[in-house]
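This is what each chain is made of:
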Amino acid sequence: MNETSQGARSPLTSLVAWCIVFGLIALAIIIGNAVAIAVLTRKKLLRKRTSYFLISLAVADMTVGIFSVPSFIYQLVRFWQERLFAPSIILNIVKTVDVLCGLASTFTLTIIALERVYAICLPLRHRTSTRRLYDLSISTVWILAGLLSSLYFFHVYRLIQHKIFFWFLILTFFSSMLVMLLAYLAIWIKASGPIISTREASLEYSDSSSDKQRTSFTSQYDKERSRRAAENDRKLAVTVFIVTTVFILTWLPFHIINLIVFLECKAFPCSAQPSTNVIYFCKLLHYSNSLLNPVIYSLRLKDFRSTLKVIISSKI
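Residues numbered from 1 in each chain as written. Predicted model: local features only at pLDDT ≥ 70, side-chain atom pairs only at ≥ 80, totals over all residues. Heavy atoms only, no water.

Asker: It is not clear to me how the packing of aromatic side chains should be interpreted in this structure. Could you clarify?
Answerer: Aromatic rings in a pair are described by how distant their centres are and how their planes are angled relative to each other. Under the criterion given, the structure shown has 16 aromatic pairs. An aromatic cluster of at least three residues, connected via ring pairs, comprises Trp-18, Phe-22, Phe-72, Tyr-280 and Tyr-287. (Phe/Tyr/Trp six-rings, centres within 6.5 Å; stacked < 30°, edge-to-face > 60°.)

Below you can see the structure in the form of structure tokens.
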């Protein structure tokens, strides 16, 4: 009798521990990304147009803490109670939001990588690009993520086959990852070469002007300004590369487990299926990605740190 009660108590203790950990992660995600949004929306940082993409990413990450993690905790409790798991329409909506958040994060990181290629490889065109282009890009990301996440409803209500929905998510993740890696490869190739400013190149044709001293001074000033701008672009590119690498490392185990189960398990129980603790850890890992991005910003971005200090000091 005691052995039976202890055996039943052990899974319950493990479940409670996992629920507490997921709950703490959800709280940290909400607080961290709320702080990130408060910092990134300050006028000083809004001058940098990449901040609009980072705000979009922070919004997607915060919705993970608000919707995705709590819905997963709810599913853990329902499965432990060994009831017939028939998700309600509300739970299906919340799980659709979970897919939406994942797609929005993936697409936002992809477009950030492409924007960094644009900034470093075509600096003149990038500097003359308008705010409207950034608004359009962000709107496209969320509209596309919203349309594609609706496939979850088609899958739940058997309007499309499970394998179609599964391969769609897998191909979306790996194709986006490939675009990111190719973008940063292009950035690395470009950054390894000499820095030649557009302004400096144009001045080479104006050396015949009568005021050579003024031209020389202007050339030196523009050269120094161009060097600083290029250095800032490189630093930002490194920061975004770190964010992208963390995203890939935290999401990849989850997708690998999905592939293993889908390809090897035709019926359950299945010997290829990982243990529940491994599954929970991989879910925790990919949810924790939404917490790590604000940490990376605070460690890597000087303007982010200084603005955060101003906010904290004003509140104190």
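Here the narrative resumes, following the displayed structure.
Asker: Please explain helix α6 (residues 131-149) as it appears in this structure.
Answerer: At 3.6 residues per turn, the α-helix brings residues three or four places apart onto the same side. Here α6 contains 19 residues, and its C-alpha end-to-end distance of 27 Å stays within 8% of the 27 Å for a straight helix at 1.5 Å per residue. Buried within α6 we find Tyr-134, Ser-137, Ile-138, Val-141, Ala-145 and Ser-149. Buried residues of α6, seen end-on, are gathered within an arc of 90 degrees and therefore sit on one face of the element. Set apart from the buried face of α6 by more than 90 degrees, the exposed residues are Arg-132, Leu-136, Ile-143 and Leu-147. (Helix = DSSP H or I, 4+ residues; strand = E, 2+ residues; numbered from the N terminus. Expected span 1.5 Å × (residues − 1). Buried < 20%, exposed > 50% of the residue type's maximum accessible area, 1.4 Å probe, protein only. Arc of directions from axis to C-beta.)

Asker: What exactly am I supposed to notice about the confidence of the model for the protein here?
Answerer: Caution is warranted with low-pLDDT regions, since their predicted coordinates should not be read in detail. In the predicted model, the protein carries a mean pLDDT of 78, and the fraction of residues at 70 or more is 78%. Ranking the helices and strands of the protein by mean pLDDT puts α6 first, with 89, and helix α9 (residues 198-203) last, with 42. Every residue in residues 1-8 is under pLDDT 50, and counting partners more than four places away or in other chains gives zero contacts. Scored below 50 in pLDDT, residues 195-209 makes 16 contacts in the model with residues more than four places away or belonging to other chains. (pLDDT = per-residue confidence, 0-100. Contact = heavy atoms within 4.5 Å.)

Asker: For this particular structure, what's the right way to read a positive patch on the surface?
Answerer: Where like charges cluster on the molecular surface, the positive patch consists of Lys-235, Arg-300, Lys-302, Arg-305 and Lys-309. No other element matches helix α12 (residues 302-315), which puts three residues into the positive patch. In this structure, Lys-302 sits in helix α12. (Patch = residues over 30% accessible without salt bridge, like charges linked within 9 Å, V, L, I, M, F, W, Y side chains within 5 Å. Areas by Shrake-Rupley, 256 points an atom, 1.4 Å probe, with all protein chains shown as cover. Salt bridge = Lys/Arg side-chain N within 4 Å of Asp/Glu carboxyl O. Lys, Arg positive; Asp, Glu negative; His and termini not counted. Charge placed at Lys NZ, Arg CZ, Asp CG, Glu CD.)

Asker: Is there a simple way to explain the environment of Ser-313 in this structure?
Answerer: Relative to the elements of secondary structure, Ser-313 occurs in helix α12. Overall, Ser-313 belongs to the partly exposed group, its relative accessible area being 49%. Among the polar contacts listed, one links the side chain of Ser-313 to the backbone oxygen of Val-310, at a separation of 2.8 Å. (Polar contact = N/O pair within 3.5 Å; in protein donor to acceptor, adjacent residues only side chain to side chain.)

Asker: What exactly am I supposed to notice about a nonpolar patch on the surface here?
Answerer: Together, Ile-89, Ile-90, Ile-93, Phe-154, Tyr-157 and Leu-159 line one region of the surface with nonpolar side chains, adding up to about 610 Å² of accessible area. Looking at where Leu-159 falls in the secondary structure, it is placed in the loop between α7 (151-156) and α8 (162-192). Its relative accessible area of 61% is what places Leu-159 among the exposed residues.

Asker: How should I be thinking about the pattern of salt bridges in this particular structure?
Answerer: Two side chains carrying opposite charge are able to pair once their charged atoms lie near each other. Scanning the entire structure with this criterion turns up two salt bridges. One salt bridge in this structure joins Arg-116 and Glu-115, with 2.9 Å as the shortest N-O distance. Judged by its relative accessible area of 6%, Glu-115 falls in the buried class. Notably, a salt bridge pairs Asp-135 with Arg-131, separated by 3.0 Å at the nearest N-O pair. Residue Asp-135 and its partner Arg-131 are both found in helix α6; the two are separated by four residues, about one turn of the helix. Exposure remark for Asp-135: the relative accessible area of 31% places this residue in the partly exposed category.

Asker: So what exactly am I meant to see when it comes to the packing of helix α4 (residues 89-121) against α6 here?
Answerer: Relative placement of two packed helices is described by the angle separating their axes and the distance separating the axes. Two elements in contact, α4 and α6, have axes whose closest approach is 8 Å; the angle formed by their N-to-C orientations is 145 degrees. At the point where α4 passes α6, the crossing takes the right-handed sense. Only Leu-133, Tyr-134, Ser-137, Val-141, Trp-142, Leu-144, Ala-145, Gly-146, Leu-148 and Ser-149 of α6 make contact with α4, whose side of the interface consists of Thr-96, Val-99, Leu-100, Leu-103, Ala-104, Phe-107, Thr-108, Ile-111, Glu-115 and Tyr-118. In terms of residue class, the contact of α4 with α6 is built from 14 nonpolar, five polar and one charged. (Axes fitted to C-alpha atoms, helices over the stretch in contact; angles between N-to-C directions. Left-handed = near helix turned anticlockwise from the far one by under 90°. Nonpolar A, V, L, I, M, F, W, Y, C, P; charged D, E, K, R; others polar.)

Asker: Could you clarify how one ought to interpret the nonpolar core in this entry?
Answerer: General note: in soluble globular proteins, nonpolar side chains tend to be found buried as a group. Leu-40, Phe-247, Tyr-297 and Phe-304 are the most contacted members of the largest nonpolar core, which has 48 residues in total. When residues of this core are traced back to their parent elements, those giving at least two are α1 (2-40), α3 (50-80), α4, α6, α8, α10 (212-264), α11 (276-300) and α12. In terms of residue count, the dominant contributor to this core is α4 (eleven residues). Phe-247 has contacts with Ser-105, Thr-106, Leu-109, Phe-173, Met-180 and Asn-289, leaving out every residue within four places of it along the chain. Counting 17 residues, the second-largest nonpolar core is a separate cluster that includes Val-69, Ile-73, Tyr-280 and Leu-284. (Core = buried A, V, L, I, M, F, W, Y, C linked by side-chain atoms within 4.5 Å.)

Asker: What should I look at first to understand the UniProt feature "transmembrane region" (unreviewed entry) in the protein in this one?
Answerer: Per the UniProt record, the feature "transmembrane region" (unreviewed entry) sits at residues 15-40, 52-77, 89-112, 133-154, 166-189 and 236-263. Summarising residues 89-112: 100% helix, 0% strand, and an end-to-end C-alpha distance of 34 Å. The distance separating the terminal C-alpha atoms of residues 133-154 is 32 Å; by composition the span is 95% helix and 0% strand. (UniProt positions renumbered as here; feature names shortened; annotations may be inferred.)

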